[in-house]
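# Architecture at a glance
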Amino acid sequence: MHKSFRHACLAISIMGLVACDGDRPSQALAINKNPFPSTYAPAVSPDRMIRNATVLLGNGERLDKADVLIMDGKVNAVGKGLVLPANVEELDATGKWVTPGIIDVHSHLGVYPTPSVESHQDGNEITAPVTAEVWAEHGLWPQDPGFNRARAGGITTMQLLPGSANLIGGRGVTLRNVPATTMQEMKFPDAPYGLKMACGENPKRVYGKKGVSPYTRMGNVAGYRAAWASAWEYKNAWDDYNAGRVKQAPERDLQKDTLMGVLNGDILIHNHCYKAEEMAMMMDVAKEFNYHAGTFHHAVEAYKIADLLAENQNCAAMWPDWWGFKMEAFDMVQENVAMVDAGRSGDKLGCAIVHSDSASTIQRLNQEAGKILFRAKEAGYDLDEADAIRWITLNAARSLGLADKTGSLEMGKNADVVIWNQSPFSVYAKAEQVFIDGAKVYDREDPVYQAQSDFLLGQPAGDQQ
């Protein structure tokens, strides 16, 4: 092999590509899709039987005076009067409620952590309208005290997203909510990446003020289309190379790597988008470039297109009652989540989610869902606790591409479990014990399971709330 060619191959290998040899690579060059792998490992824990609780499975079912058997970190069985296997710890939950661990699909913990100081503001790369090359995990501070407060609220899984200043703001990351010193120790193994996009006022306001496109909603859509058109050319170049139709590998482009991941179906879209007509437009853009429009976040006007969302199998992640803080958030109804939940298109059902987008709200996402359930019943919707828990468990897992692993108490899934002192939709509800992969990570009565950020150690207890 010629010396200069060997040096070029070495340089390509350092960039994360497979080494090559000869005039044509002996093994086709390939982009490493997982250069920052998870090192998360479930804590060692005993097998447990939770006895005699009101159990909301997360899939629409409710069982009263039922048992949940956890073995090897998985849900082994759920039912009434289960036989206690040998060497299994028994936990009496009489009078208590048991649910799957709560999942928040929209959080900025770690990238906008507390304390809120300028040096910690790592959630928005406001340098260009399209910054698909940035990854939230590279700005994430695992010592954010907000993670511990969220765990005390029953949060076991969460997606951390970049902010919404850009048309395409970068990759999010899905975490297991466990105490850790590195991002990799929290990273949900093999969870699909999500790509944050934003519609409407935010990107056109940020860049219009700079005299840069987008200045209007027209500019927004033109910006999306230009990015996806360029990504398609990049994807075609890699497809030609991988099929052996050309000898030269394309020049690596980190921004287009992420966009190509969406086009290949490996990365899921999460779109900050309030208005009905803009959500419909984003579905059309997705169809033009043959990707799925994913989940619409905030989605204040989702109720107007509930059936269209169901038809296209788009989830909508919403608040119960945040509205009016800007024009695109003005046309709100408190039945929004219930109306999306009721959306139908043939045999396709609506996918409604309750999210936080708040370091405070994430601590009581169960009660946010409770607000919606109350208003829905008041408006005549036939919904109950078994339905409402889906909005913060199984539907959220579906949005993140994890419904086969978590989000419901079904055999073989991760044993992400919360024991509540009463109905989780009560204003008096408290998470008493929280388990992730069967391991206890929070206990309201045991300080051993009340992790504190290193940042807070040595500070007066009153300052840690």
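The structure reproduced in this document is the subject of the present report. Owing to the predicted nature of the structure, the values given are computational and were not obtained by experimental measurement. (Residues numbered from 1 in each chain as written. Predicted model: local features only at pLDDT ≥ 70, side-chain atom pairs only at ≥ 80, totals over all residues. Heavy atoms only, no water.)

Next up on the list: unusual backbone geometry. Cis geometry marks the peptide bond from Thr114 to Pro115, where omega comes out at 5°. Relative to the elements of secondary structure, Pro115 occurs in the loop between strand S6 (102-107) and helix H2 (146-152). Of the consecutive residues Ser213 and Pro214, the connecting peptide bond is found in the cis state with omega at 10°. Here Pro214 lies in the loop between helix H3 (201-208) and helix H4 (217-242). Within the chain, Lys65 stands out as a residue other than glycine whose phi angle is a positive 50°. Inspection of the secondary structure puts Lys65 in strand S2 (residues 62-71). Residue classification places Lys65 among the exposed positions, given a relative accessible area of 63%. Phi at Ala299 takes a positive value of approximately 45°, unusual for a residue other than glycine. Residue placement: Ala299 occurs in the loop between strand S11 (295-298) and helix H7 (306-311). (Helix = DSSP H or I, 4+ residues; strand = E, 2+ residues; numbered from the N terminus. Buried < 20%, exposed > 50% of the residue type's maximum accessible area, 1.4 Å probe, protein only.)

The eight strands lie next to each other as S6-S7-S8-S9-S10-S11-S12-S15, forming an open sheet whose pairing is mixed. Of all strands in the sheet, those with a lone pairing partner are S6 and strand S15 (352-354), marking the two edges. Strand-to-strand, the axes of this sheet are offset by a mean angle of 25°, without reference to chain direction. Strand direction decides the pairing type here: strand S12 (residues 316-318) and S15, joined by three bridges, are parallel. Of the residues in S15, the one forming a bridge with Ala317 is Ile353. (Pairing = 2+ DSSP bridges. Axes fitted to C-alpha atoms, helices over the stretch in contact; angles between N-to-C directions.)

Grouped together as the largest cluster of nonpolar side chains are 80 residues, with contacts concentrated most on Met158, Ile168, Leu195, Trp228, Tyr291, Phe296 and Trp391. The leading source of residues in this core is helix H6 (residues 276-288), at six residues. Apart from the residues within four sequence positions on either side, Met158 is in contact with Asp104, Ser107, Leu109, Phe147, Ala150, Val173, Thr174, Leu175, Asn177 and Ile362. Val55, Leu57, Ala415 and Val417 belong to the second largest nonpolar core, which has 16 residues in total. (Core = buried A, V, L, I, M, F, W, Y, C linked by side-chain atoms within 4.5 Å. Contact = heavy atoms within 4.5 Å.)

For the rest of this paragraph, the subject is the packing of H4 against helix H5 (residues 254-263). A pair of packed helices can be characterised by two numbers: the angle between their axes and the separation between those axes. Where H4 meets H5, the axes come as close as 9 Å, and the angle between the chain directions of the two elements is 85°. Between H4 and H5, the interaxial angle falls into the category roughly perpendicular. Two secondary-structure elements touch here, H4 through Ala227, Trp228, Ser230, Ala231, Trp232, Tyr234, Lys235 and Trp238 and H5 through Lys256, Asp257, Leu259, Met260, Val262 and Leu263. The residue makeup of the contact of H4 with H5, split by class, is 10 nonpolar, one polar and three charged. (Parallel < 35°, antiparallel > 145°, perpendicular 65-115°, else oblique. Nonpolar A, V, L, I, M, F, W, Y, C, P; charged D, E, K, R; others polar.)

What follows covers the environment of Ala53. Residue position: Ala53 is located in strand S1 (residues 48-56). Residue classification places Ala53 among the buried residues on the basis of a relative accessible area of 1%. Taking the C-alpha atoms as reference points, Ala53 and Gln143, separated by 90 residues in sequence, lie 34 Å from one another. When sequence neighbours within four positions are dropped, the list of residues in contact with Ala53 reads Leu63, Asp64, Lys65, Ala66, Ala93, Lys96 and Val98.

This brings us to the state of the cysteines. In this structure the tally under the stated criterion is two disulfides. The disulfide partner of Cys199 is Cys273, and the gap between their sulfur atoms is 2.4 Å. Between Cys199 and Cys273 the sulfur-sulfur dihedral comes to about -90°; the bridge is accordingly left-handed. Of this pair, Cys199 sits in the loop between strand S9 (193-198) and H3 while Cys273 sits in strand S10 (residues 267-273), and the two are 74 residues apart along the sequence. The residues Cys199 and Cys273 share a single accessibility class, namely buried. Between the sulfur of Cys315 and that of Cys351 lies a disulfide, 2.1 Å long from S to S. An S-S torsion of about 80° defines the bridge between Cys315 and Cys351 as right-handed. One end of the pair, Cys315, is in the loop between H7 and S12; the other, Cys351, is in the loop between strand S14 (348-349) and S15, and 36 residues separate them in sequence. Residue classification places Cys315 among the buried positions, given a relative accessible area of 4%. Looking at Cys351, the relative accessible area reads 1%, which means it is buried. (Disulfide = S-S within 2.5 Å.)

A few words now on a nonpolar patch on the surface. Among the surface-exposed residues, Trp323, Met327 and Phe330 lie close enough to one another that they form a single nonpolar patch of about 400 Å² accessible area. Residue position: Trp323 is located in the loop between S12 and helix H8 (336-341). Judged by relative accessible area, Trp323 falls into the partly exposed class, the value being 48%. (Patch = residues over 30% accessible without salt bridge, like charges linked within 9 Å, V, L, I, M, F, W, Y side chains within 5 Å. Areas by Shrake-Rupley, 256 points an atom, 1.4 Å probe, with all protein chains shown as cover. Salt bridge = Lys/Arg side-chain N within 4 Å of Asp/Glu carboxyl O.)

Now for the pairing of S2. As judged from the six bridges shared by S1 and S2, these two strands associate in the antiparallel manner. For Val55, the partnering residue across the bridge sits in S2 and is Leu63. Two successive antiparallel strands, S1 and S2, enclose a turn made up of five residues, where Gly58 displays a positive phi of approximately 95°. Bridge count for S2 against strand S3 (residues 74-79) is five bridges, and the pairing is antiparallel. By the bridge assignment, Met71 is partnered in S3 with Lys74. Linkage of S2 to S3, two consecutive antiparallel strands, is achieved through a turn of two residues, within which Asp72 is found at a positive phi near 55°.

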